[in-house]
Structures are given as structure tokens and as C-alpha cells.
Amino acid sequence: MDYRSFFLGITLVIFTPALFAHEKAIEKLPDGYIKKEALPNSIIIVPEAPLPGSPRQKLDDAIAAAAIKLNKTTRFTLAAQDATMHFPDAPNNFACAMRKVVSKEKTPRLYHLLKRAGVDAGYATRKAKHTYNRMRPFTLNNAPICTPQYEKELRHNGSYPSGHTSLGWAWALILSELLPEQADAILARGVAYGESRIICNVHWYSDVVAGRMMGASAVALMHHNPEFISDMKAAKAELAAAPAPDGKKCQEESSALAIKLD
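Conventions adopted
- Residues take numbers from 1 onward in each chain, read along the sequence in its written order.
- A pLDDT threshold of at least 70 governs which residues receive local features in this predicted model, and a stricter bar of 80 or more applies before side-chain atom pairs are shown or counted, although totals over entire chains, interfaces and linings include all residues.
- Computation of side-chain values covers all heavy atoms of the structure but excludes hydrogens and water.
- Basic side-chain nitrogens of Lys or Arg form a salt bridge, by our definition, when they fall within 4 Å of a carboxyl oxygen of Asp or Glu.
- Whether a residue is buried, partly exposed or exposed follows from its accessible area with a 1.4 Å probe, protein chains only, as a fraction of its type maximum: under 20%, in between, or over 50%, in that order.
- Note on conventions: DSSP H or I runs of at least 4 residues are helices, E runs of at least 2 residues are strands, and numbering of each starts at the N terminus.
- Note on aromatic pairs: the rings of Phe, Tyr and Trp (six-membered ring only in Trp) are paired at centre separations within 6.5 Å, and the planes decide the class, stacked below 30 degrees, edge-to-face beyond 60, tilted for the rest.
- Scored between 0 and 100, pLDDT is the confidence that the predictor attaches to each residue.
- Note on contacts: a residue pair is in contact if any heavy atoms of the two residues lie within 4.5 Å.
- Points on a 1 Å grid, built from protein atoms alone, make a cavity when a 1.4 Å probe fits but cannot get out and make a pocket when they are open with protein on both sides within 12 Å along at least 5 of 7 lines; residues with an atom within 4 Å of a point are the lining residues.
- Grid points are joined across faces, edges and corners, and a volume is the space filled by probe spheres set on the points.
- Each residue is assigned to one class: nonpolar for Ala, Val, Leu, Ile, Met, Phe, Trp, Tyr, Cys and Pro, charged for Asp, Glu, Lys and Arg, and polar for all the others, Gly among them.

1. Some remarks on the pattern of salt bridges
Counted according to the given criterion, the structure contains seven salt bridges. Of the charged contacts in the structure, one is a salt bridge between Glu151 and Arg155, with a shortest N-O distance of 2.9 Å. Take Glu151: its relative accessible area is 27%, and that puts it in the partly exposed class. With a shortest N-O distance of 3.4 Å, Arg189 and Glu253 are connected by a salt bridge. Linking Arg189 in helix H11 (residues 183-199) with Glu253 in helix H14 (residues 247-257), this pair joins segments that are 64 residues apart in sequence. By relative accessible area, which is 2% here, Arg189 ends up buried. Sharing partners across several salt bridges, the network here consists of Asp60, Arg134 and Asp207.

Dropping the structure here:
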């Protein structure tokens, strides 16, 4: 397996390599927009991981218990869909909110931009994830996860912060900047993307909150890179002619998202 492949590399600090070994289309990992030594420091930015028995952990426990009740719903199915890192499926989890479809053929600059941004957002969680090496909720509550095929790998991978959430929130911020007329819908989908990790039973609520912090921190630094600015301009032009998503699928997504995590 090529450890520089995109699907492994973009989440190298989040998951073990075996997690993406099943992906059929392997593409080289691009460089991010931020130099590795200049990435936001998650140890400084996010709070320490909650301690067992602390008020923050009790809140995490309560939300995890509520999430388990959704594991036989279409919201749980959507959480599994949100878990994919395969391109273009991963960014197209935002297609209904954008009212646009991302593809290598129709939106090549946006396609590449989201890959590069994903690399930065993923690596931004690395220090805290390795430092705290927090156990995931399913290892304690023994309830199902939405991606059981990855359970073995996830048991040995730190939970805090959520790398998926960091990446998803970074994409939500970038896409809402490119499509301000759809900003509310895109940002709401970004919130739901993070909540999918809780509903999937692979992350705690506090993991997701910290993941959003790191995704936002990464995007802020990307704006200092001239290549990012150039790619954003080109991506915005591409989106003007990008095709619309399938209406039926968007209706199904809307119905699933109507099932709320209380």
C-alpha cells in the first residue's frame, strides 16, 4: 500500500492505514497549503481532553447515550455515508447544501483545493490526538458503530479531537465562502457532519467541538497562502457552471437530517 496515497494520507493522523485500504481509486496525497511546521498547534488551541468523571465527560456520556438511540434510523445511515473519505463522495456530502456537485471533470480546481485543505485540517489535529490518545465511546458503551468494518483499527486510534470533524468543518467554511448565497445551508451541513461522528458512536461531543476548532484554525492560516487564494478564485468560477445534485437523494438526506440528536 502506498502510504502517500490520498485516502490514507489525508487521515494518517486520524486513522490507521488499514482503514482506507479498501478504496479502489488511489490518488497521491497532495501537499497542504500550510507548511507542517506552521500548522495550528492543537495542544495550545483546544482544552485538555475531559477526564473520567468530570462535568465535561458526564456531558459527553449523556450525549453519547442519546446518540445510541438513533442507531436504527436513517440518520445513522447518513452518519456512515459521512464517514467516507473517498473522493469525490466525501465533499459531495455537501452537494445538497451547495446545490452543486463536485467532480474531477467539472470542477477540477475545487476538487484539488478540497483535497489540499483536507490534508491541513487532518494534520492540524495530530498533536492533541497523539497526546491524549483518548478512548472512543464504543470501546466503553459497547454499542454498534456505523462503520463496523473499521472497529478494530478505531479501537487503537485516539478520539480527541475528531479529525473527520476538523476536515468537514474546514470544507464547510471554504464552501460557504465560495457560495455565500448557500452559506447557512452549508454551515448547517457542516455541523451535522460533525454530529455524524457522535451518532456513529466513534466520537464524543467534546471531540467534535475540538475538531471544529482545529478546522477553523487551519482555514484561517490557509488564507495567508497565495495558492489558496488563487485556487479559491478559480473554484468559485467553476461552481457557476457546476451541475446540480440528484433531487431524490437530497430529499432523502433532508429527511435523515430532520432526525435530531437531542
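2. Notes on the packing of aromatic side chains
Going through the model one piece at a time under the given rule, you end up with five aromatic pairs. Between Phe87 and Trp171, the aromatic rings sit 5.8 Å apart at their centres with planes inclined by 80 degrees, giving edge-to-face as the arrangement. One end of the pair, Phe87, is in the loop between helix H4 (74-82) and helix H5 (95-98); the other, Trp171, is in helix H10 (residues 163-178), with 84 residues separating them in the sequence. Comparing Phe87 with Trp171 shows no difference in burial state: the two are buried. Centroid distance Tyr132 to Tyr160: 5.7 Å. Interplanar angle 75 degrees. Geometry classified as edge-to-face. Here the residue Tyr132 occupies a position in helix H7 (residues 126-132), and Tyr160 occupies one in the loop between helix H9 (151-154) and H10, the gap between them amounting to 28 residues. Among the aromatic residues, those joined into a cluster by ring pairs are Phe87, Tyr111 and Trp171.

3. A few points about the confidence of the model for the protein
Summarising the model, the protein shows a mean pLDDT of 91, and 89% of its residues fall at 70 or more. This model gives residues 1-26 a pLDDT under 50, and the stretch forms 75 contacts once residues within four places in sequence are excluded.

4. Details of the layout of surface pockets
Taken as a whole, the largest pocket spans an internal volume of roughly 420 Å³. Every residue lining the largest pocket is counted, 17 residues in all, and those nearest its centre are Gln81, Asn92, Asn93, Lys249 and Glu253. Breaking the lining of the largest pocket down by element, the ones donating at least two residues are H4, H5 and H14. Split into classes, the residues belonging to the lining of the largest pocket amount to six nonpolar, six polar and five charged.

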